[in-house]
Amino acid sequence: MTVRAKVGVELGTIAVLTAIFLVLFPRRNPLLDVALAGFALICIAASARYTKNVIWGAVAPAAAENRVKDCTAVTLWLTMPVVILFFLIGGILAYRNGGAPAVGGRILNWRILAAFGCYLPWALMQQTLLQFYLLGRLLVLFPNRFLFVPFIITGACFGLVHLPDVWTALVTVAAGIVWSLIYYRYRLLLPLAFSHAALGSAFYYGIFGHDLAVEWRALLP
């Protein structure tokens, strides 16, 4: 069996199991998603050598020179304007609803840093699962003339993780496509995880006014 055929069977099986899970558990405790992602990460770590040498070995090589510097710069330039926009929108909404004190509580809240710190490992897990594992296999599965398809599918999977929150899912699809393009070019996960955590924190605190630190603490026993 060819590598492409193996990937097709592997991803087809995962797709069916994921669809069944989402249908059976449309609303679930976020800790369940974290636990499942942790288990998947263990499985991916066990097959990391195969993924790196066989799967990504069949894909066009990454940028060789100044990879870390260039990836960090590109990711920052794409991330920070959006983060500022989310906080700006949040500040305007807060001021309209409660004046200056509401702005402070919404976007000048020290717990945003705590939420970012907690968000970062979860973001790194998602980026590892969907970039290192999934994107590489999709690039093997689809021929070069359909190169755009793996990026769209990977972005869509980022959105699925956030269902049933439709608005968050839609925003995350767009971000996921951009992250996938960056990973394809540079093959670095950590800058993407920082981008993911920064955008997620700014989106929830700024746009929705959700205090993630408080909400996550409430989930703990």
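Residues numbered from 1 in each chain as written. Predicted model: local features only at pLDDT ≥ 70, side-chain atom pairs only at ≥ 80, totals over all residues. Heavy atoms only, no water.

### Some points on the overall build of the protein chain
Check the secondary structure of the protein chain and you find 9 helices and 0 strands. Starting at the N terminus and walking to the C terminus, you meet the elements of the protein chain as α-α-α-α-α-α-α-α-α. In summary, the protein chain has a C-alpha radius of gyration of 19 Å against a globular reference of 17 Å for 221 residues, a match within 12%. Dimensions along the principal axes, computed over C-alpha positions, put the protein chain at roughly 65 × 45 × 30 Å. Classification of the 221 residues of the protein chain by burial places 38% in the buried group. Sequence separation of 24 or more characterises 76% of the internal contacts of the protein chain that already satisfy a separation of 6 or more. Accessible surface, the protein chain as shown: approximately 12,500 Å² in total, 73% of it carbon and sulfur. With 16 positive and 7 negative side-chain charges, the protein chain shows a separation of 6 Å between the mean positions of the two kinds. (Helix = DSSP H or I, 4+ residues; strand = E, 2+ residues; numbered from the N terminus. Rg over C-alpha atoms; globule rule 2.2 N^0.38 Å. Buried < 20%, exposed > 50% of the residue type's maximum accessible area, 1.4 Å probe, protein only. Contact = heavy atoms within 4.5 Å. Areas by Shrake-Rupley, 256 points an atom, 1.4 Å probe, with all protein chains shown as cover. Lys, Arg positive; Asp, Glu negative; His and termini not counted. Charge placed at Lys NZ, Arg CZ, Asp CG, Glu CD.)

### Description of the pattern of salt bridges
A full pass over the atoms with the stated rule returns 2 salt bridges. Notably, a salt bridge pairs R137 with E10, separated by 3.1 Å at the nearest N-O pair. Of the two residues, R137 sits in helix α5 (residues 111-141) while E10 sits in helix α1 (residues 3-24), which places them 127 residues apart along the sequence. Here R111 and D211 are joined by a salt bridge, their closest N and O atoms 2.6 Å apart. Taken together, the residues span a long stretch of sequence, with R111 in helix α5 and D211 in the loop between α8 (190-208) and α9 (212-219) at a distance of 100 residues. (Salt bridge = Lys/Arg side-chain N within 4 Å of Asp/Glu carboxyl O.)

### Observations concerning the packing of aromatic side chains
Aromatic rings in a pair are described by how distant their centres are and how their planes are angled relative to each other. For the structure shown, the criterion picks out 9 aromatic pairs. Relative to F203, the ring of F86 lies with its centre 5.3 Å away and its plane at 65 degrees, an arrangement referred to as edge-to-face. One end of the pair, F86, is in helix α4 (residues 67-107); the other, F203, is in helix α8, and 117 residues separate them in sequence. F203 matches F86 in its accessibility class, with the two residues each being buried. (Phe/Tyr/Trp six-rings, centres within 6.5 Å; stacked < 30°, edge-to-face > 60°.)

### Description of the packing of helix α3 (residues 48-55) against α5
It is at 10 Å that the axes of α3 and α5 come closest, and there the two elements cross at 35 degrees. As α3 runs across α5, the sense of the crossing is left-handed. Residue-level contacts link A48, Y50, T51, K52 and I55 of α3 to F132, G136, R137 and V140 of α5. (Axes fitted to C-alpha atoms, helices over the stretch in contact; angles between N-to-C directions. Left-handed = near helix turned anticlockwise from the far one by under 90°.)

### Digging into the packing of α5 against α8
Contact geometry for α5 and α8: axes closest at 7 Å, N-to-C directions at 130 degrees. By the angle between their directions, the pair α5 and α8 is classed as oblique. Here the hand of the crossing between α5 and α8 comes out right-handed. Side by side, α5 and α8 meet where R111, I112, A115, F116, Y119, L120, A123, L124, Q126, Q127 and Q131 of the first sit next to L192, A193, F194, H196, A197, A198, G200, S201, Y204 and Y205 of the second. Looking at side-chain class alone, the contact of α5 with α8 contains 14 nonpolar, 6 polar and 1 charged residues. (Parallel < 35°, antiparallel > 145°, perpendicular 65-115°, else oblique. Nonpolar A, V, L, I, M, F, W, Y, C, P; charged D, E, K, R; others polar.)

### Focus on helix α6 (residues 148-161)
With 14 residues, α6 should cover 20 Å at 1.5 Å per step; its first-to-last C-alpha distance of 21 Å lies within 8% of that length. In this structure, the buried side of α6 is in contact with α5, α7 (166-186) and α8. (Expected span 1.5 Å × (residues − 1).)

### Here we look at the nonpolar core
Among the nonpolar cores identified, the biggest contains 46 residues, and W56, Y119 and Y183 are the most heavily contacted of them. For this core, the secondary-structure elements that each account for two or more residues are α1, α2 (30-46), α4, α5, α6, α7 and α8. In terms of residues, this core owes the most to one element, α5, which gives 16 residues. Setting aside anything within four residues of it in sequence, one finds Y183 in contact with W56, Q131, F132, L135, L188, L189 and L192. (Core = buried A, V, L, I, M, F, W, Y, C linked by side-chain atoms within 4.5 Å.)

### Considerations on unusual backbone geometry
Glycine aside, the phi torsion of most residues is negative, and most peptide linkages are trans. The phi torsion at R187 lies on the positive side, around 60 degrees, for a residue other than glycine. Along the chain, R187 falls in the loop between α7 and α8.

### As for α8
One full turn of an α-helix is made of 3.6 residues, so residues set three or four places apart face in the same direction. The terminal C-alpha atoms of α8 lie 26 Å apart, and with 19 residues this matches the ideal 27 Å at 1.5 Å per residue to within 8%. The element α8 is largely enclosed, with a buried count of 15 among its 19 residues. Residue G209 follows α8 closely and has a positive phi angle near 70 degrees.

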